[in-house]
Amino acid sequence: MFSKLVSLVLVLCVYNVAAVTYEEAFSSCKTKFNLQNDAPLDYFMANGKFETGKENLKCFFECLASDLGVKSADGSVNGEALKKLAQSHTHCQELALFGSEEVLKQCIKSSYTGTESCDKVFEFIQCSVQLKIASSKSS
């Protein structure tokens with residue numbers, strides 16, 4: 001499950017244009033959000049939602065997006081950057097899925113319902129995970 005998280009957490013493998021590596025960003029954000037282990041993130045990846053009481057971790061994804069340079073100025077996921085990242089990292093199967101036209105069409109939205117600064121990135125990630133879960137159930 002952790003390997004799926006590594007691939008998904010903002011469609012991430014390693015974003016070489018960013019000032020930090022994925023590993024550095026992941027570690028930094030893990031520390032910032034006081035994640036002692038990956039269990040809450042694994043639960044999210046399997047269920048498309050956080051366990052009760054862990055909702056504050058949604059900003060973890062914004063932290064990664066910001067550190068890796070895939071967050072737009074308006075706080076949303078940059079679809080073009082994501083698409084280019086997926087195309088340049090074809091060895092990452094999950095990355096290819098989350099950077100796919102289907103996910104981009106369904107999950108990149110100009111208006112999200114959330115009001116916190118991290119809601120736009122989180123809602124993209126949540127949409128992507130839910131599509132992946134639905135896809136695996138129909139297979």
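One can find the structure itself at the top, above this paragraph.
Reference entry: report on the structure contained in this document. (Residues numbered from 1 in each chain as written. Predicted model: local features only at pLDDT ≥ 70, side-chain atom pairs only at ≥ 80, totals over all residues. Heavy atoms only, no water.)

For the coordinates displayed, the defined rule picks out three disulfides. Each disulfide pairs two cysteine sulfurs, and for C29 the partner residue is C63, the sulfurs being separated by 2.0 Å. Judged by the sign of its S-S torsion, about -90 degrees, the bond between C29 and C63 is left-handed. Within this pair, whereas C29 is found in helix α2 (residues 22-32), its partner C63 is found in helix α4 (residues 58-68), the two being separated by 34 residues in sequence. Residue C63 is classed as buried on the basis of its relative accessible area of 8%. Here C107 is linked by a disulfide to C127, with a sulfur-sulfur distance of 2.1 Å. Between C107 and C127, the S-S torsion sits near -75 degrees, and that sign places the bridge as left-handed. (Disulfide = S-S within 2.5 Å. Helix = DSSP H or I, 4+ residues; strand = E, 2+ residues; numbered from the N terminus. Buried < 20%, exposed > 50% of the residue type's maximum accessible area, 1.4 Å probe, protein only.)

Below, the discussion takes up the environment of E123. Among the structural elements, E123 can be located in helix α8 (residues 119-138). A sequence separation of 65 residues divides E123 from K58, and the C-alpha atoms of the two residues are 8.8 Å apart.

Direction vectors running N to C along helix α3 (residues 39-47) and α8 enclose 55 degrees, while the axes themselves pass 7 Å from each other. One way to sum up the angle between α3 and α8 is to call them oblique. Across from F44, M45, A46 and N47 in α3, the residues of α8 making contact are F122, I125, Q126, V129 and I133. In terms of residue class, the contact of α3 with α8 is built from seven nonpolar, two polar and no charged. (Axes fitted to C-alpha atoms, helices over the stretch in contact; angles between N-to-C directions. Parallel < 35°, antiparallel > 145°, perpendicular 65-115°, else oblique. Contact = heavy atoms within 4.5 Å. Nonpolar A, V, L, I, M, F, W, Y, C, P; charged D, E, K, R; others polar.)

What follows is about the packing of α4 against α8. For the pair α4 and α8, interaxial distance at closest approach is 8 Å and the crossing angle is 100 degrees. It follows from the interaxial angle that α4 and α8 lie roughly perpendicular. Contacts from K58, F61, E62 and A65 in α4 reach D119, V121, F122 and I125 in α8. Within the contact of α4 with α8, the residues separate by chemical class into five nonpolar, no polar and three charged.

In total, this model carries nine aromatic pairs according to the counting rule given. Geometrically, the ring pair formed by F44 and F61 is tilted, given 5.3 Å between the ring centres and 45 degrees between the ring planes. Of this pair, F44 sits in helix α3 while F61 sits in helix α4; the two residues are 17 residues apart in sequence, bridging distant segments of the chain. Accessibility assignment for this pair places F44 and F61 in one class, buried. One aromatic cluster in this structure is built from F26, F33, F44, F50, F60, F61 and F122. (Phe/Tyr/Trp six-rings, centres within 6.5 Å; stacked < 30°, edge-to-face > 60°.)

Oppositely charged side chains can pair when the atoms bearing their charge come close. Summed over the entire model, instances satisfying the criterion amount to three salt bridges. Across the salt bridge formed by D119 and K58, the nearest N and O atoms sit 2.6 Å from each other. Taken as a pair, D119 in helix α8 and K58 in helix α4 lie far apart in primary sequence, 61 residues in all. Pair check on accessibility: D119 and K58 agree, each one buried. Across the pair K71 and E62 runs a salt bridge, and its minimum N-O distance is 2.6 Å. (Salt bridge = Lys/Arg side-chain N within 4 Å of Asp/Glu carboxyl O.)

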